[in-house]
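Each chain, written out:
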Amino acid sequence: MLTFEEKVEIIESFPELTRNDVSMKRVNYHYKDSLFDKTVVIQHLHPNGNGFVYVAGLHGYEPDERGLVNIREATEEEFRSIIAAAIKNLSEGPDGEVQPIEEKWVGPNGEELLLVEEEEFWNLYHGLNLEESFGAYGQAKAYLREEQFKQVQNGRDS
C-alpha cells in the first residue's frame, strides 16, 4: 500500500489538479477545467492512506452510489492510471466523447449570459442574441471575469 505522502506526490504530478485541505486532515483534489459541475477527482485522501477517486461513467470500475472508488490498496501504476482516467472523463466525458458545455454567468447588475461551446468556438449569448465569440474557453472566461461576471453553479454564484 502506498503511503499518504506517496499518494500526494503522485497526485501532484498532475499539474491540472488543485489541492483543497478539508476536515480531519483529509485532502481533496479538484480538476477546475471539468466540463461538468463535478470537479473533485480525489476525495477525502486521509493520512492513513484511505481515499476515493471519482470514476462515475468509466468502464472497468465499480463505483459506489456516489461514483467513487476506494484507492486505499492501489499500486502506483493503478493509482496513476485511475487519476488520468478520471481527469480525462471530466474533460471529455465517457468513451472520449467531448461533451458540449453550457455555463450561466451573472453580471454585477443581475444580467445573465450563457456561455456555450459550439463547433470549437465558445459563444456568449444574451437570450437568443449572440454577444461575442471566442476561440478558446480561457479567453471567454477571462473576458467574463474582466466584466465582473460570476459563473453560476448549482444555483449559486462562484
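Going along each chain's sequence as written, the residues are numbered from 1 onward. With the structure being a predicted model, the display of local features is reserved for residues of pLDDT at least 70 and the display and counting of side-chain atom pairs for 80 or more, all residues being used for whole-chain, interface and lining totals. As a rule here, side-chain values come from all non-hydrogen atoms in the structure, and water together with hydrogens is ignored.

1. Here we look at helix H2 (residues 76-92)
Owing to its 3.6 residues per turn, the α-helix aligns residues three or four sequence positions apart on the same side. Counted at 1.5 Å a residue, the expected span for H2 with its 17 residues is 24 Å, and the 24 Å between its end C-alpha atoms agrees. In this scheme, a residue with accessible area under 20% of its type's maximum is buried, one over 50% is exposed, and one in between is partly exposed, where area comes from a 1.4 Å probe on protein chains only. Numbering goes from the N terminus for both helices and strands, where a helix is a DSSP run of H or I of at least four residues and a strand is a run of E of at least two. For H2, the set of buried residues is Phe79, Ile82, Ile83, Ala86, Ile87, Asn89 and Leu90. Buried positions in H2, seen along its axis, are confined to an arc of 160° and lie on one side of it. At its buried positions, H2 is contacted by helix H1 (4-11), strand S1 (17-21), strand S2 (27-31), strand S3 (40-45), strand S4 (52-54) and strand S5 (68-70). Here the expected span of a helix is defined as 1.5 Å times the quantity of residues minus one. Directions from the helix axis toward the C-beta atoms define the arc. In this analysis, two residues are considered to be in contact whenever any of their non-hydrogen atoms come within 4.5 Å of each other.

2. Points about the side chain of Asn28
As for its placement among the helices and strands, Asn28 is situated in strand S2. With a relative accessible area of 9%, Asn28 lands in the buried category. Definition of a polar contact: a pair of N or O atoms within 3.5 Å, with one able to donate and the other able to accept a hydrogen when the atoms are protein atoms, and with sequence-neighbouring residues admitted only if both atoms are side-chain atoms. One polar contact links the side chain of Asn28 to the main-chain amide nitrogen of His44, over a distance of 2.7 Å. Residues in contact with Asn28, not counting those within four places in the same chain, are Thr18, Arg19, Asn20, Val22, Ile42, Gln43 and His44.

3. Concerning the environment of Phe149
Here Phe149 is to be found in the loop between helix H3 (137-146) and strand S10 (150-153). Along the backbone, Phe149 and Glu112 are 37 residues apart, and their C-alpha atoms lie at a distance of 8.8 Å.

4. Here's the deal with the packing of aromatic side chains
The aromatic pairing rule takes the rings of Phe, Tyr and Trp, using the six-membered ring of Trp, and pairs them if the centres are within 6.5 Å, calling planes under 30 degrees apart stacked, those over 60 edge-to-face and the rest tilted. For the structure shown, the criterion picks out one aromatic pair. Relative to Tyr143, the ring of Phe134 lies with its centre 5.4 Å away and its plane at 45°, an arrangement referred to as tilted. On the accessibility criterion, Tyr143 (30% relative accessible area) is partly exposed. The rule for a charge over a ring is simple: NZ of Lys or CZ of Arg within 6 Å of the ring centre, and within 35 degrees of the ring normal. Here the guanidinium or amino end of Lys38 rests over the ring plane of Tyr54, the centre of that ring lying 4.8 Å away. Its guanidinium or amino end placed over the ring of Phe52, Arg66 lies 5.3 Å from that ring's centre, counting from NZ or CZ.

5. Structural notes on the pairing of strand S8 (residues 121-126)
If DSSP finds at least two bridges between two strands, the strands pair. Where strand S7 (residues 112-118) meets S8, five bridges bridge the pair, whose relative direction is antiparallel. In the sheet register, Glu117 faces S8, and the bridge partner there is Trp122. Hairpin geometry of S7 and S8 is characterised by an intervening segment of two residues between the two adjacent antiparallel strands and by a positive phi of about 45° at Glu119.

Take it as geometry only, folks, not as evidence of what the structure does.
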